[in-house]
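Chain and residue survey
Next come the chains, spelled out residue by residue.
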Amino acid sequence: MSTILFELGCEELPPKSLKPLRDALQASVIEQLNEAEISFDSIKAFAAPRRLALQIQGISDKQPDRSEQKRGPAIKAAFDADGNPTRAAMGFAKGLGIEASELITINTDKGDYVGYEQVIHGQATTELLTAIFQTALDNLPIAKRMRSGASRNEFVRPVQWAVLMQDSTVIDATIQGHQTGTQTRGHRFHSPNYHEIAHANDYEQLLDGLKVVADFDKRQMLIKNQVKALADEVNSDAIVPQDLLDEVTALVDFPIALRASFEPRFLQVPQEALISTMQADQKYFCLTDKTGKLQPYFIFITNIESKDPNQIIEGNEKVVRPRLADAEFFFLQDQKQPLFALTESLKTRVFQDKLGTIWEKSERIAKLAAFIAALMQQQGQQIDIDETVRAGILSKADLASSLVGEYPELQGIAGTYYARLNNEPEAVAASLEEQYLPKFSGDVLPQTPIGICLALADRLDTLVGIFGIDQAPTGSKDPFSLRRSAIGILRILIEKQLPINLVALVEQAIKGYSDAEGSKIEKMGVTFTQVMAFLNSRYRAMYTEQGVSVDTIQAVQAINPHMPLDFDQRIRAVQAFSELSQASMLADSNKRVANILAKSEVSVADNVDEALLSEPAEQGLYASVIQAQTAVKPLLEQADYTQVLQTLASLDEPLTQFFDNVMVNSEDAALKNNRLALLKQVRALFLTVADISELQL
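Residues numbered from 1 in each chain as written. Predicted model: local features only at pLDDT ≥ 70, side-chain atom pairs only at ≥ 80, totals over all residues. Heavy atoms only, no water.

1. As for the sheet that holds strand E2 (residues 42-48)
In space, the five strands of this open sheet follow the order E2-E3-E1-E9-E10, with antiparallel pairing throughout. Because the sheet does not close on itself, it has two edges, and the strands there are E2 and strand E10 (169-170). Examined bridge by bridge, strand E9 (residues 159-166) and E10 share two bridges and lie antiparallel to one another. Counted as the bridge partner of Met165 is Val170 from E10. On top of the sheet, helix H1 (residues 18-35) reaches strand E1 (2-10), E2 and strand E3 (51-59); it is set at about 30° to E3, its chief contact. (Pairing = 2+ DSSP bridges. Helix = DSSP H or I, 4+ residues; strand = E, 2+ residues; numbered from the N terminus. Contact = heavy atoms within 4.5 Å. Axes fitted to C-alpha atoms, helices over the stretch in contact; angles between N-to-C directions.)

So, in C-alpha cells, the structure goes:
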C-alpha cells in the first residue's frame, strides 16, 4: 500500500469551472480505479487557481490476479475412441500455448467440453495510472479546449507542469504533453519558484507553507470565517450567495478578507442595484443590518498578504465608486418623469412579433388581473379592482427605465421603487415586484392580493399567447420559460388556497387577445385545449419533486380536476388512503371493476334494481354502497376527500365477499346487467375523489 499524488499545474483556471472540474476529475478516477479493481483507502481532490490534484492513499500496488476459464471443443470431438487427443484438441491447446495433457474437463448443462483454467496476473498500479489520469483529463466537462504554442495537446488552459508520484518516487510518464516530475509551484507572487515534493503525503502541508491553500473546501471555509468576523465588527450580516462564494474561492490561493466602505449617499439608490453591481462586477460581499438594509460597507477577498492593506482597500474603494455612481445616475435620471410616463415608449417595444407590443401586453394583464380580482372578491378577499387595473397598466413600465436597461434583473423591483416615489398606493407599488414571483423552483410566492393577480395574469397571458402562435415548448427548448410559468400558476393557486378554475382563467386569457380588429389567436379552441393539457401535464413534475409517487398523481389526473387547489386536496387524500391496510385490496378491486365495466357490450344502467339482488353477497354490497353514498355526500360538499376515502375503505370486505361468491356474468341478462349497475355505483363512488385503480400498491 502506498500514496499516489497527481497534480496538473496550469495558468489560472476558469473560476466558475474550477469546482466542477475538481469533482469530475475525482469521479472519473474513482470510476476507473474501481473498474480496474485497484483498491484504495481514500482519495482527496485539490483545486486552486493554478492546479488540479488528487492524493490517493492506501492504494494497492497491483491489480488482483484472476482466473479465466477457456472452453474448447466437446469431449466427443476432442478425443478419439482410444482416448487420444484429436487434432481439434491439439489445435485448441496449441492456441493457448500448452500441451494437450494440461487440458481439463468442463461440465456444463449442454455437455462436457475440454478446457483450460489460466491465471491472469494483475498489472502493476503504476503501469495503469498514466492512462487513468489522462482519460480523466480528456473527459473533463470543458466547453472549449485550447492549445498552447506548437503543442498539439488541448486543455482548458495552458499546462505548465505535471506531478505524478508514488510515495517519494516519480512515476515516469507524459501527461498533457508534459514529463511528470516531483516539483510543484507555490503562490504566484509569494512563492513563484519550483519546489521539490519529498513525499506524496507532504503535498498539502508543503503548499500551505508556500501560501497555497490547495483544499478548495478548506479555502472556502477560511473565506466564510473571515467575512463573518469582519461583518461582526460593524454589527452587520454579509450577503454570501453560494455561486459567488464558489467563484471567489476559485480566484485565490491564499485568501485574505478586507473590509472597505463607500459614501452613504449611494444608499438612496435601490439597494438591489448596488448589490448587483458589487457582486457581479467586483465579486464583493455586501453587508446589511439586521433588518436587511444595505450598509455602506463591502468585503472583498485579496490573494496577496500585503504589508499595507490600506492601499488595497483604498484601491477597491476607488474602483467601486464610479460603478455606484452609474447606478445613482440612472436612478436619478429615471425620476425626471413619473413611472406612468414610461409606458408611452412601451407602445413601440415589441413583446413578440405576432402578439403585439409590451403596452398591449400590459393592457391584457390589467384586464385579466381585474377578472381574477373579481373572483377573489367573490371569495371574500379584500382587494381593490381599480388599483389592480392600475397595477396592471404599470406592471411593465420599468422596462423602459434606464435602471432596468442597465440592470435587467431589477425589472419589477425598480418599478416598486418608482411607484412609491410617485406616491402610488402601496398595494400597487408592492405588486410590481411581486408579479415576477416565483422566479424559480421553491422561490417565495407573491404575498399581496394584487401581486397574486398580476403574477397569475402575466404568466397566463404569455402561456396562451405563445401556444396561440404555435410556439409551444419542444424537447429541451423553452425560450419563454413556459414550463416554469405553468408551475408558478399552479403553485400560486394551491399554496394561496385560491379555489379558482383553470378553465375560466385560460378562457379569459384567450379573450384578452381579441379586439375590434379580430383576434391575434386564430385557433382559439385548439389553443384552449393545448394550454389546459400543458398545465395538467405540469402536475407530475411539480408533485414528483415533492416526493409524491407517479401512480398517485395519475390516479388524480385520471378524473381531470380543473381546479389546482382541488387537485392538491385529492392528491393529499390519495396519499393518506395509500397508507390504509385496505388500500391494496381496494385498488385491485377497482382495477377488476374497471375491466369488467370496460368489457361490457351493453350500456350499463345507473340504477340498481334491488328486487334482482338474489345473492347475500350482492345484497350486502348494495347495502354498503347505499350507506357509503349517504355518508360521503356531505363530505364531498366540504371537499373533505381524505375522509371520503376513509369512509369508502369500509367497502373492502363487501367487495371481497361479492367477488368471492357472485358470478357477475350470469347467463340471466337481467341479473348480469343489475350486477354491472351495482359495480358501476361502486366505481362512481371512488371516482368522486380519484381513480384508485391507477395505484400500484
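2. Topic: helix H24 (residues 641-648)
Three or more residues of H24 are buried, namely Tyr641, Val644, Leu645, Thr647 and Leu648. What you see down the axis of H24 is that its buried residues fit within an arc of 155°, all on one side. Buried residues along H24 sit against helix H21 (564-578), helix H22 (583-598), helix H23 (616-637), helix H25 (652-661) and helix H26 (669-687). (Buried < 20%, exposed > 50% of the residue type's maximum accessible area, 1.4 Å probe, protein only. Arc of directions from axis to C-beta.)

3. Section: the packing of helix H8 (residues 271-282) against helix H9 (residues 309-334)
With their axes 10 Å apart at the nearest point, H8 and H9 run at an angle of 140° to one another. Overall, the two elements H8 and H9 adopt an arrangement that is oblique. Considering how the two elements wind past one another, H8 and H9 form a crossing that is right-handed. For the pair H8 and H9, contact is made by Ala273, Leu274, Thr277, Met278, Asp281 and Gln282 and by Val319, Val320, Arg323, Leu324 and Ala327, respectively. (Parallel < 35°, antiparallel > 145°, perpendicular 65-115°, else oblique. Left-handed = near helix turned anticlockwise from the far one by under 90°.)

4. Considerations on the nonpolar core
Ranked by size, the top nonpolar core spans 136 residues in total, and within it Met278, Ile372, Leu403, Leu502, Tyr543 and Leu648 carry the most contacts. In terms of residue count, helix H16 (residues 449-468) provides more of this core than any other element does, twelve residues in total. Apart from residues lying up to four places away in sequence, Tyr543 is in contact with Ile494, Val548, Ile553, Phe567, Asp568, Ile571 and Arg572. (Core = buried A, V, L, I, M, F, W, Y, C linked by side-chain atoms within 4.5 Å.)

5. A word on the side chain of Ser276
Take Ser276: it is sitting in helix H8. Every residue in contact with Ser276, bar those within four places of it in the chain, is listed here: Asp281, Tyr407 and Glu409.

6. Here we look at the confidence of the model for the protein chain
The pLDDT averaged across the protein chain works out to 92; a share of 100% of its residues lies at or above 70. Taken element by element, the protein chain is modelled with least confidence in strand E22 (residues 518-519), mean pLDDT 69, and with most confidence in strand E17 (residues 285-288), mean pLDDT 98. (pLDDT = per-residue confidence, 0-100.)

7. Focus: the environment of Pro449
Within the secondary structure, Pro449 is located in helix H16. A relative accessible area of 25% places Pro449 in the partly exposed class. As a C-alpha pair, Pro449 and Ser306 span 143 residues in sequence and 54 Å in three-dimensional space. Those residues in contact with Pro449, other than ones at most four positions away along the chain, are Met376, Gln381, Gln382 and Ile383.

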